[in-house]
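Inside the fold
So you can see what is in the structure, the chains are spelled out below.
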Amino acid sequence: MVVIRAVLVFSAILLSLTASVPAAAQPAPRVSAPQAAGQQAGRIASIRVVGAQRIEEGTIRSYMLVQPGDPFDAGRLDRSLKALFATGLFADVNMRRDGATLVVTVAENPIVNRIALEGNKKVTDAQLRPELQLRPRAVFTPALAAADRQRILDIYARRGHFAARVEPKIIPLDQNRVDVVFEIAEGDTTLVSRIAFVGNKAFSESRLKDVVGTREEAWYRFMSSSDTYDPDRVNVDRELLRRFYLRNGYADMEVVGASAELAPDRSSFFLTFTINEGERYKLSDVAVNVTLKGVEGDELLRKLRLRAGDWYDGDAVERDTQQLSTEVQNRGYAFVEVKPRVRRDAEKKTIEIVYDVAEGPRVYVERIDIVGNQRTKDKVVRREFRLAEGDAFNASLLRRSRQRITDLEFFNNVSVNANPGSAPDRSIVTARVEERATGELTLGGGYSTDIGPLLTAGLRERNLVGTGIDAGINAILATKQSQVSFTMTDPYFLDRNLVAGLDLFHIQNDLQDVAQYNERRTGLSLRLGYEFSEHLRQVWTYSIIQRSVYDVGSLASIYVQDSKGSSLLSQIGQTLTIDYRDSRIDPREGYVTRLGTDLAGLGGNARFARTKLDGQYYVPLERLTGNTDWTIALSASAGYLFTLGQRERIIDRFFLGGDNLRGFAVGGAGPHAILPGSNSIGGRFIWTQSTELRFPLPVSEDLGLRGRVFVDVGSLSEVSPLSQNGKTVQIFDDAGPRVAAGFGVSWKTPFGLLNIDIAHPIVRKRFDQSQLFRFGFGTRF
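Residues numbered from 1 in each chain as written. Predicted model: local features only at pLDDT ≥ 70, side-chain atom pairs only at ≥ 80, totals over all residues. Heavy atoms only, no water.

**Observations regarding the overall build of the protein**
Looking only at helices and strands, one finds 14 helices and 37 strands in the protein. Whereas a compact globule of 781 residues would reach a radius of gyration of roughly 28 Å, the protein reaches 37 Å, over 25% beyond that. Dimensions of the protein, computed from C-alpha atoms along their principal axes, come out at roughly 135 × 75 × 55 Å. Taking all 781 residues of the protein together, the buried fraction comes to 43%. Expressed as a percentage of contacts within the protein between residues at least 6 apart in sequence, the contacts between residues at least 24 apart total 60%. Carbon together with sulfur atoms contributes 55% to the accessible area of the protein, which is approximately 39100 Å² in total. The positive charge centre, built from 100 side chains, and the negative charge centre, built from 95, are 2 Å apart in the protein. (Helix = DSSP H or I, 4+ residues; strand = E, 2+ residues; numbered from the N terminus. Rg over C-alpha atoms; globule rule 2.2 N^0.38 Å. Buried < 20%, exposed > 50% of the residue type's maximum accessible area, 1.4 Å probe, protein only. Contact = heavy atoms within 4.5 Å. Areas by Shrake-Rupley, 256 points an atom, 1.4 Å probe, with all protein chains shown as cover. Lys, Arg positive; Asp, Glu negative; His and termini not counted. Charge placed at Lys NZ, Arg CZ, Asp CG, Glu CD.)

This is the structure:
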C-alpha cells in the first residue's frame, strides 16, 4: 500500500507539472545568502559536490563557470547553477558557501528503466516508439515526458483522433530508476460532420463537395478515411478547388481561406472554404509563335484542343503545352521550350493565349535516382524509364515514365521529378515511390449469371521477391465451372526486353444448357514476347492441351455428338498489339489494336488455323463535361476459323452471346441445330461491335458507382456441314446481325466488384436465346 501511494503521489505531481507548467520549466535556482548581489569577498579554496550518485564530481565541476582560486562572484555562480540545470541531469541544484569552500548539492534525475504504452490499439507501439524522446537507460525529466505526451497526441490528431487523451504515469524503482507508462485513451475518430462553402455562385455546394477530397461523414464510408479531418488533405482541397475553377474558365479564382472548427465535445469538425470566384473568361484568340526552322505554326495550331470561343481551361492549356512540346520533339528538336503567354482583358472578360515555341536550353540527364523502394529492386523501376542517363532531357518521356511505373501497381504513390544537377546543363531525375502490398491470399465467393454461385481461393504475388515477376495459383469452384490454374510471368526475362510466361491449367465447363455437353481442358502454355517500341509488342505462345467432350445429352445434335471424345491440341500462336492508350490499367483516351493468329497441327490430332482482330478506342468527354469519368468506349472484333483438311470440332468454334453480346444468353446467338433439340453449335466466322458511354452516377464518388449505356451488335455464322444417312443435317444459320441495347452499373464495393447489366434484344433471329439480366459479383478477404 505504501508503494502504491508513492506511485500515485509521484504521478499526481508529474501530471500537475505537465498540465500547468511549460515544458521548459525547471525549479528556480537557489543561491544561499552569502551569494547575494554585491558580495564578492574572498576566493574559492575548494568545491565540494554533495548528492552525486551516477555522475562523477569532475563532470559536474566541468559544467561550472567557477573553479578553485576564482572569487565568490554572484553572477558567475548564478550562471554556473543555470548551466548545471541546462544539462537535464538534475532535478534540483543548490549552491552555498561554507567558509572558503563552495558546496554544490545536487539531486540527480532518475534513469528510465522501461517505457510502456497502454490502451493503444489503432496506433501500434512500433508506430509510436520512434517518435518518443525518452529512451530506456536515458535520463528522465518531466519536460521530456510532457513533450512525449504531446507527440503522441499529435500522432493521433494526424489520424483523426482529436479526442484522444494521454496520461504519463511514473513508477519509482530502487537505485533512482523509474518506469514510464503512457496510458492512452484513443477515443473515437474525429470526423468531418459538415463541409460548407462561402462565396460560391457559379457552382452549387453539392457540386463543390464532389471536387474536394474531404468528405462528410456517412455510414457507407466505414472502409474509407476521407471523412476524417486531416489538415494536409484540406490544403490539397484548396488546390483542387482552384484547379476546378481554372478548368471552367475562372482565371481570377482564389481560395481566400479554409477554416476547421472543432465541436465543443471534440467529436467532429465543421469545415468551411471561403471562395472568391471572380469572372469567367472566354478565349478571344489562340496562336502559336514558332522560331524554329522547318516548323510551321499553323501545323502546330491544328494539334491544339483549345480554340477561340472556348471557355478558358487551365488544365487544357497545360495539356496543349505538353502536346506542342511532344510534336516538336518528334520532328527532331530534342531541346524545345514551349511557354504560353496569357493576356487577360478584364473588361471584355476574354483571354488571349500565345504559345511561344523556341529552342530550349540543352539539358541532359545526369543521373536517375530511385527512392523509397524498400522491397522492389532498382532495376524493376529503372527499366520502366523512357529516358536513360546521358539522354537529352525530355519532359514528355518523363511523364510517360511515371505512368509506366504507376501501371506496375507495385506502389501507392509515384512521383518523378527533375532537379538541377552538378552543372547548368545537367539534370538529376528522382523517382520517389511508396511500396504497397503486392501479395494476395484470397478466399471468396459470389455469383455469376454464366457459371452460377462460385467459390474462389488463390495465392498470388505480383512482385515476387521484388523482381517484378507475377506468379499465382488460383482455384474456382462453381455450379457450371471448375478451374485450377498456375501462372507465372517475367516481364523482363533474363533482364532483356523479353516477356516470358508459363501457364498450367485444368478446366471443366458444364455446357448442358448451351449445347447439351460438358468439356474438359488440361494443358500447358509457354509464352515469349518482345516489345518493339513503346507502342508495339508481340507475344508468341505454344500450347499443348488435352481436350474432352463428354456427357453428351441424348437429345444433342449430331454436330455435338460428332465432337464427342478426346483430342490433343498442339498449337502455336502469336498476338501483335499496337497500344496508344493513356493507361493500360484504367484507359480514358487512345486506342489499342490486337491481331492474333493460331496454327494447330504441330502434333496432336486437331488441325486448323484461326485468326482474330480486335480493338478498342476511347474518346474522353472531359472537355464537354469537366469530369474525366465521362468516356465513350468503342470496341470491335472479328475472327475466322479455317479448317485444314478436317472438319472443325465444336470445342474450337466461336460462340456469341453473354460477355461479347449482352442481351443474349451465353452461346445464345448464331447457328443452331434444329433436330432433335435446338442446340447452339457455334460458328467459324464471328464479328462484334459495341458502343458504350461511361459516366459517373449522381451520388458520392466514395460509393464507387459508375454507370453505362450501350449498344451491342454482332453476328456468328458458318458451320461445316454434316451428313446423316446420306443427307445433310439441317441447321439454322443466319449471318444477319443481332442488336441489343441496355444499361449497366459497376460498383466497387469494399468486398469486391459488382457488375449489373440489363439489356434487351432489338434485332434477334429464330432460335436465339435472350438474357435480360446479367449479374456478377465476387469477393475476397
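There's more to say after this.
**What about the side chain of D313?**
With respect to the secondary-structure elements, D313 resides in the loop between helix 8 (297-301) and helix 9 (314-330). Apart from the residues within four sequence positions on either side, D313 is in contact with L246, R247, L306 and R319.

**Focus on the sheet that holds strand 12 (residues 336-345)**
With mixed pairing, three strands are arranged side by side in an open sheet as 11-13-12. Two strands lie at the open edges of the sheet, namely strand 11 (282-290) and strand 12, each paired on one side alone. With strand direction ignored, the average angle separating the axes of adjacent strands in the sheet is 15 degrees. In the packing of helix 9 onto the sheet, the strands contacted are strand 11, strand 12 and strand 13 (350-359), and the crossing angle to strand 12 comes to about 150 degrees. (Pairing = 2+ DSSP bridges. Axes fitted to C-alpha atoms, helices over the stretch in contact; angles between N-to-C directions.)

**What to know about a nonpolar patch on the surface**
A grouping of L526, W540, Y542, I544, I572, L599, L602, F642 and L644 is seen on the molecular surface, where their side chains present a nonpolar patch of about 770 Å² in accessible area. In terms of residue count, strand 23 (residues 536-550) provides more of the nonpolar patch than any other element does, three residues in total. Here L644 lies in the loop between strand 27 (631-643) and strand 28 (672-673). Owing to a relative accessible area of 38%, L644 belongs among the partly exposed residues under this scheme. (Patch = residues over 30% accessible without salt bridge, like charges linked within 9 Å, V, L, I, M, F, W, Y side chains within 5 Å. Salt bridge = Lys/Arg side-chain N within 4 Å of Asp/Glu carboxyl O.)

**Quick look at the packing of aromatic side chains**
Per the stated rule, a full pass over the model turns up 18 aromatic pairs. Plain terms: the ring middles of Y229 and F269 are 4.0 Å apart, the flat faces sit at 25 degrees to each other, and that makes the pair stacked. Here the residue Y229 occupies a position in the loop between helix 6 (205-211) and helix 7 (231-247), and F269 occupies one in strand 10 (residues 268-276), the gap between them amounting to 40 residues. Centroid distance F732 to F767: 5.5 Å. Interplanar angle 65 degrees. Geometry classified as edge-to-face. You can see F732 sitting in strand 34 (residues 731-732) and its partner F767 sitting in the loop between strand 36 (752-763) and strand 37 (773-778), a full 35 residues away along the chain. For F732, a relative accessible area of 17% corresponds to the buried category. Taken together, the ring pairs connect F203, F244, Y245 and Y250 into an aromatic cluster. (Phe/Tyr/Trp six-rings, centres within 6.5 Å; stacked < 30°, edge-to-face > 60°.)

**So, the pairing of strand 3 (residues 90-98)**
Here strand 3 runs beside strand 4 (residues 101-108); their pairing, made up of eight bridges, is antiparallel. In the sheet register, R97 faces strand 4, and the bridge partner there is L102. Linking strand 3 back to strand 4 in an antiparallel pair, the connection comprises two residues, with G99 at a positive phi of about 70 degrees.

**Quick look at the environment of R319**
Inspection of the secondary structure puts R319 in helix 9. Separated by 157 residues in sequence, R319 and F162 have C-alpha atoms that sit 41 Å apart. The residues contacting R319, other than those within four sequence positions of it, are R305, D313 and E622.

**Re the sheet that holds strand 7 (residues 177-185)**
One open sheet holds the three strands; their spatial order is 5-7-6, and the pairing between them is mixed. Each edge of the open sheet is held by one strand with a lone partner, namely strand 5 (111-118) and strand 6 (165-173). Taking the axes of each pair of neighbouring strands and ignoring which way they run, one obtains an average angle of 20 degrees across the sheet. Inspection of the sheet shows strand 6 paired to strand 7 by nine bridges, in the antiparallel sense. Its bridge partner being in strand 7, P168 is matched across the sheet by F182. Those strands touched by helix 5 (residues 142-158) are strand 5, strand 6 and strand 7, and its axis lies near 25 degrees from that of strand 7.

**Considering the side chain of E534**
Looking at where E534 falls in the secondary structure, it is placed in the loop between strand 22 (518-531) and strand 23. A distance of 2.4 Å separates the side chain of E534 from the side chain of R400, its partner in a polar contact. Looking at E534, its side chain comes within polar contact range of the side chain of R404, at 3.2 Å. Residue contacts for E534: discarding those within four places in its chain leaves R386, R400, R404 and R584. (Polar contact = N/O pair within 3.5 Å; in protein donor to acceptor, adjacent residues only side chain to side chain.)

**Let's talk about unusual backbone geometry**
In this model, N176 sits at a positive phi of 55 degrees, which is unusual for a non-glycine residue. As for its position among the elements, N176 is in the loop between strand 6 and strand 7. Despite not being glycine, K349 has its phi angle at roughly 60 degrees, a positive value. Of note, K349 is situated in the loop between strand 12 and strand 13. We classify K349 as partly exposed; its relative accessible area is 37%.

**Concerning the nonpolar core**
In terms of nonpolar packing, the biggest core is built from 23 residues, with V288, L300, Y312, I353, Y355 and V357 touching the most fellow members. Of all elements in the fold, only strand 11, helix 9, strand 12 and strand 13 reach the threshold of two or more residues within this core. Counting 21 residues, the second largest nonpolar core, distinct from the first, contains F197, F203, L241 and F273. (Core = buried A, V, L, I, M, F, W, Y, C linked by side-chain atoms within 4.5 Å.)

**Digging into the pattern of salt bridges**
According to the stated counting rule, one finds 56 salt bridges in the structure shown. A salt bridge links D503 to R527; its shortest N-O distance comes to 2.8 Å. Of this pair, D503 sits in strand 21 (residues 498-510) while R527 sits in strand 22; the two residues are 24 residues apart in sequence, bridging distant segments of the chain. With its nearest N and O atoms 3.5 Å apart, the salt bridge here joins R584 to E531. Of this pair, R584 sits in the loop between strand 24 (565-579) and strand 25 (590-600) while E531 sits in strand 22, and the two are 53 residues apart along the sequence. The class of E531 is buried, set by a relative accessible area of 15%.

**Re helix 5**
Here helix 5 contains 17 residues, and its C-alpha end-to-end distance of 25 Å stays within 8% of the 24 Å for a straight helix at 1.5 Å per residue. Inspection of helix 5 places A145, A146, D148, I152, L153, I155, Y156 and A157 among the buried residues, and these make up the whole buried set. Remark: G160 follows helix 5 within two positions and exhibits a positive phi of approximately 90 degrees. (Expected span 1.5 Å × (residues − 1).)

**A few points about helix 11 (residues 395-407)**
Residues spaced three or four apart along an α-helix face the same direction, because each turn holds 3.6 residues. If you check helix 11, its first and last C-alpha atoms are 19 Å apart, about what 13 residues at 1.5 Å a residue would give, namely 18 Å. Of the residues making up helix 11, those classed as buried are S396, L398, R400, S401, R404, I405 and D407. Buried residues along helix 11 sit in contact with helix 9, helix 10 (378-382), strand 15 (411-420), strand 16 (426-435) and strand 22. Where helix 11 begins, the side chain of N394 points an oxygen toward the backbone nitrogen of S396, at a separation of 2.9 Å.

**Considering the packing of helix 7 against helix 9**
In contact at an axis separation of 6 Å, helix 7 and helix 9 are set at 80 degrees when each is read in the N-to-C sense. When the axis of helix 7 is compared with that of helix 9, the two are roughly perpendicular. Of the residues in helix 9, those touching helix 7 at R243, L246 and R247 are G314, D315 and E318. The class makeup of the residues in the contact of helix 7 with helix 9 is one nonpolar, one polar and four charged. (Parallel < 35°, antiparallel > 145°, perpendicular 65-115°, else oblique. Nonpolar A, V, L, I, M, F, W, Y, C, P; charged D, E, K, R; others polar.)

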